[in-house]
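The primary structure of each chain is shown beneath.
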Amino acid sequence: MSMCKSGLDMLRCALRSTSLWKCDSFIWTQTSLCYNSRSFAVSSQLGRKHIRGHVLKQVRYYSQSGQDVLNVQNKQTEASAGPSESLDKAERTPFYSHLQDCFCPTDVLDTLKQFPASQQLISSIFTRIWESTKRMTDEQRRCELRLMYEHPGFEEVCERATTDAWRMKSDDLAYSLLAIVNLGVSQNTRVVQTLLRVIQERLNQFDIRSLSVLAASIREMEECRNIQALREALRLLLKDRIPEIQSVVVLQSMMRAVGKNSPIHLKKQLATKTLSLADEFNPPNTQYMFSSLAAMGLNFKPLLDVCSKNIAENVHEFPYGRLLSVLKSCHELRYRNYTLFNSVSEYMASTFDMWSNKQVILILVSFEDLLFRPAVLLEAFAERIIHKPDSLTQKDLLSVLKVFSLLNHDLKEKKTEFLDSVTKVLESYLPKMSSTDLLKAVYYLALLEHLPQTLLDKLLQQETLDQILQKGKQSNKVQRWLHTLDLCLRLDQPQLPPSLRSIPDFHFTVPAHEVPVNQEMLSAIRSIVGNDVVQERVLEQSIYFIDCVITLPRPKEETCGLHAEDSGSAQSAQRIAVVGAPPTSFCFGTTHPRASLVIKLRHLEKLGYKPVLVPVHELNSKTEEEKIQMLQKIISPAQESSGAQETLNNSPKAE
């Protein structure tokens with residue numbers, strides 16, 4: 001008996017002192033290693049993700065026919081099963097007591113000198129190491145993790161995790177993987193790949209809680225063959241297990257784990273199950289639902305509408321970061337809800353003094369991405385900028401100009417004061433502003449019909465233009481900006497020296513935003529004014545596409561001031577430019593024009609047209625009679641009111 005115990009002790013010592021891959025010839029043939037002193041690559045958080053001598057090369061046991069690997073590992077672990085089985089409750093209690101007194105990774109690893117690791121303790125060790133770093137600052141965490149990787153005990157516990165993974169319980173496997181991944185251990189290391197491989201074999205044994213932990217582990221991991229195989233297995237398993245899940249948090253973890261490449265029916269099954277638990281949502285559940293659906297790539301409107309209503313009704317209960325996350329998820333999902341956006345905007349405006357410039361700007365940029373114009377919040381922020389313009393950084397200024405110009409927000413009597421304040425601060429940043437940023441700033445100001453001489457003088461210098469062309473020669477956006485800016489200088493006719501009234505000709509070919517003409521709209525217009533006066537598909541200044549131009553004689557009160565020789569000229573005719581605009585050309589929930597549509601309408605008016613804007617999305621939902629009535633009202637409201645077409649006047653008008 002003593003000889004047997006002595007033999008087990010000798011074998012145990014041999015296994016601890018010899019690396020697993022040196023004694024397992026089968027695994028050695030399956031794995032290519034680049035291993036000098038330790039096999040655990042540091043995380044990208046430490047900035048040393050690919051340190052030489054620490055990174056494993058490709059690990060290749062992702063195939064589903066891996067029973068041979070299990071057999072080899074089981075035979076080996078059976079011989080070393082003694083220590084874990086002989087550890088009774090009396091011995092475990094002091095270990096857990098000591099573990100709770102550890103407040104940094106090295107403390108936990110030092111504890112292993114008194115309590116050698118077994119497969120029953122490995123999960124607790126990794127979890128405690130991870131938990132001890134949660135409340136540290138970034139710099140402190142970075143230092144502690146570096147010390148952890150250099151500690152010999154970390155290599156030992158990782159080797160034991162690799163060796164004993166085949167005997168761990170399902171929850172221990174899941175928690176060990178979660179902690180190791182969150183500690184930043186490289187995904188290519190043998191310990192991570194071994195855990196992934198064992199989990200694949202054991203997945204049918206995982207309960208709902210373990211599956212949830214596993215889902216949290218793999219959702220942020222990079223794609224590799226083991227991860228792909230595990231995701232696919234998880235998707236197959238979920239088809240039958242979703243009905244038994246009664247936790248919103250677990251369902252959200254599953255959503256994030258299955259990813260965007262999962263079958264659409266599985267996504268909808270998860271979303272439908274979650275919707276059935278909507279009465280149990282708390283504020284974190286509601287906010288987290290947006291990012292969970294975004295991670296899955298599913299715009300499930302019934303569920304999003306419920307969450308939007310909850311947030312809108314209780315917006316004061318949500319911290320700033322969660323509201324910003326919701327808006328970003330809405331943009332990713334292409335989901336818009338006017339009530340939600342308006343409630344967030346009004347909340348930010350009513351508590352405006354609580355928020356810094358950076359916080360307000362991030363919210364405004366998110367709203368602009370969603371095409372929503374938060375008028376009250378914009379007014380409040382403009383007031384702050386007028387009184388404290390120097391508080392804005394250069395990056396802040398560019399974001400502010402982008403939001404105000406693209407959303408076409410008119411500050412009315414405060415517009416001049418606002419633009420002067422912003423221009424003054426921009427000029428202070430001019431010496432260190434890049435050529436591209438300068439072009440952006442001037443372009444956004446041009447949309448607001450404001451062209452400051454100092455900025456233009458710097459922009460139109462040959463050196464600056466050469467830098468812009470060198471960086472953006474292949475960029476259609478840069479070419480369009482320059483072309484639009486040239487039109488603003490020529491058509492808006494700002495009070496500038498002659499040298500600043502045009503952009504040099506770079507022989508750019510800027511394509512117009514040409515879209516197919518809405519034939520139903522065109523047919524209705526012809527029925528109103530006739531065929532002879534309608535010209536279809538007109539292009540102005542090589543960039544402004546007009547659906548159709550209607551040429552009509554001017555009203556008598558407009559032509560009475562013309563000389564007799566001009567009565568038959570083009571000046572005596574009225575040119576109506578009908579522009580059909582899609583929903584993206586308007587601020588969400590309104591018919592307020594935005595972005596390039598604003599400058600297009602302004603320049604068409606400068607070119608002698610009477611621009612008429614037709615919201616195509618509103619037109620498509622109407623009957624033929626309602627379309628004619630709507631277009632009659634838009635194109636010639638005076639004619640409609642005069643009673644020229646009694647049939648149209650007697651019918652009820654559309655709102």
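The model shown is predicted, which means the values in this text are computed figures rather than measured ones. (Residues numbered from 1 in each chain as written. Predicted model: local features only at pLDDT ≥ 70, side-chain atom pairs only at ≥ 80, totals over all residues. Heavy atoms only, no water.)

Trainee: Residues and numbers for the packing of helix H13 (residues 208-218) against helix H14 (residues 225-241), please.
Mentor: Between two packed helices, what matters for the description is the angle formed by their axes and the separation of those axes. The interhelical angle for the contact between H13 and H14, taken along N-to-C directions, is 145°, at an axis separation of 12 Å. For the pair H13 and H14, the crossing hand works out as left-handed. Counting all contacts with H13, which are made through Ile208, Leu211, Leu214 and Ile218, the residues of H14 involved are Ile227, Leu230, Arg231, Leu234, Leu237 and Arg241. When grouped by side-chain class, the residues that make up the contact of H13 with H14 number eight nonpolar, no polar and two charged. (Axes fitted to C-alpha atoms, helices over the stretch in contact; angles between N-to-C directions. Helix = DSSP H or I, 4+ residues; strand = E, 2+ residues; numbered from the N terminus. Left-handed = near helix turned anticlockwise from the far one by under 90°. Contact = heavy atoms within 4.5 Å. Nonpolar A, V, L, I, M, F, W, Y, C, P; charged D, E, K, R; others polar.)

Trainee: Explain the pattern of salt bridges residue by residue, including any values.
Mentor: Overall, the coordinates contain 21 salt bridges when judged by the stated rule. Ionic pairing is found between Glu201 and Arg197, a salt bridge with its closest N-O pair at 2.7 Å. Residue Glu201 and its partner Arg197 are located together in helix H12 (residues 190-202), separated by four residues, close to a single helical turn. You can call Glu201 partly exposed: its relative accessible area is 26%. (Salt bridge = Lys/Arg side-chain N within 4 Å of Asp/Glu carboxyl O. Buried < 20%, exposed > 50% of the residue type's maximum accessible area, 1.4 Å probe, protein only.)

Trainee: Break down the pairing of strand E3 (residues 573-581) for me, citing the residues and quoting the values.
Mentor: Taken residue by residue, a regular strand's side chains alternate between the two faces of the sheet. Counted residue by residue, E3 has eight buried out of nine residues, so it is predominantly covered. The pairing of strand E2 (residues 544-553) with E3 spans six bridges and is classified as antiparallel. Paired with Leu552 across the bridge in E3 is Gln574. Both E3 and strand E4 (residues 609-615) contribute to a ladder of seven bridges, which runs parallel. Bridge assignment links Ala581 to a residue of E4, and that residue is Pro615. Read from E3 through helix H31 (residues 596-606) to E4, the crossover connection turns out right-handed. (Pairing = 2+ DSSP bridges. Right-handed = clockwise from strand over helix to strand, strands pointing away.)

Trainee: Describe the sheet that holds E2, and please don't skip the residues or the numbers.
Mentor: Reading across from one edge, E1-E2-E3-E4 is the order of the four strands in this open sheet, with mixed pairing throughout. Of all the strands in the sheet, the pair left with one neighbour each is strand E1 (534-540) and E4. The sheet shows a mean angle of 35° between the axes of neighbouring strands, direction not considered. Sheet strands in contact with helix H29 (residues 519-529) are E1, E2, E3 and E4, and its direction is about 125° off that of E1.

Trainee: Could you give an account of the packing of aromatic side chains, naming the residues involved and the relevant values?
Mentor: In this structure the tally under the stated criterion is 15 aromatic pairs. Where Tyr444 meets Trp481, the ring centres are 6.5 Å apart and the plane angle is 65°; that geometry is what we call edge-to-face. Here the residue Tyr444 occupies a position in helix H25 (residues 435-447), and Trp481 occupies one in helix H28 (residues 476-491), the gap between them amounting to 37 residues. Overall, Tyr444 belongs to the buried group, its relative accessible area being 7%. Here Trp481 falls in the buried class, since its relative accessible area comes to 9%. Among the aromatic residues, those joined into a ring-pair cluster are Tyr338, Phe341, Phe367, Phe372 and Phe588. The ring of Trp130 has Lys134 sitting right over it, with the charged end atom 4.1 Å from the ring centre. Directly above the aromatic system of Tyr609 lies the positively charged group of Arg575, at a separation of 4.0 Å from the ring centroid. (Phe/Tyr/Trp six-rings, centres within 6.5 Å; stacked < 30°, edge-to-face > 60°. Lys NZ or Arg CZ within 6 Å of the ring centre and 35° of its normal.)

Trainee: Break down the pairing of E1 for me, with residues and values.
Mentor: Pairing analysis gives six bridges linking E1 to E2, with the strands arranged antiparallel. By the bridge assignment, Glu540 is partnered in E2 with Tyr544. Where E1 folds back on E2, the antiparallel hairpin that results is connected by three residues, among which Gln541 adopts a positive phi of roughly 55°.

Trainee: Which residues make up the environment of Cys224, and what values go with them?
Mentor: Structurally, Cys224 can be placed in the loop between H13 and H14. Put simply, Cys224 and Gln187 are 37 residues apart on the chain and 9.1 Å apart in space, counted from C-alpha to C-alpha. In contact with Cys224, other than residues within four places in its own chain, are Gln187 and Gln193.

Trainee: Which residues make up the side chain of Ser210, and what are the values?
Mentor: Tracing the sequence through the fold places Ser210 in helix H13. Exposure remark for Ser210: the relative accessible area of 3% places this residue in the buried category. Excluding residues that lie within four positions of it along the chain, Ser210 makes contacts with Ser170, Asp171 and Ala174.

Trainee: Summarise empty space enclosed by the protein; cite the residues concerned and give the values.
Mentor: This model, assessed by the stated rule, comprises two cavities of 30 Å³ or more. One number sums up the size of the largest cavity: a volume of about 50 Å³. If you trace the largest cavity, you find it lined by Phe404, His409, Asp410, Leu411, Lys415, Phe418, Leu419 and Leu448. Per-element tally for the lining of the largest cavity: the top contributor is helix H24 (residues 415-428), with three residues. Among the residues forming the lining of the largest cavity, the class breakdown is five nonpolar, one polar and two charged. (1 Å grid on protein atoms, 1.4 Å probe; cavity = no way out; pocket = protein on both sides within 12 Å on 5 of 7 lines; lining within 4 Å. Points joined across faces, edges and corners; volume = space filled by probe spheres on them.)

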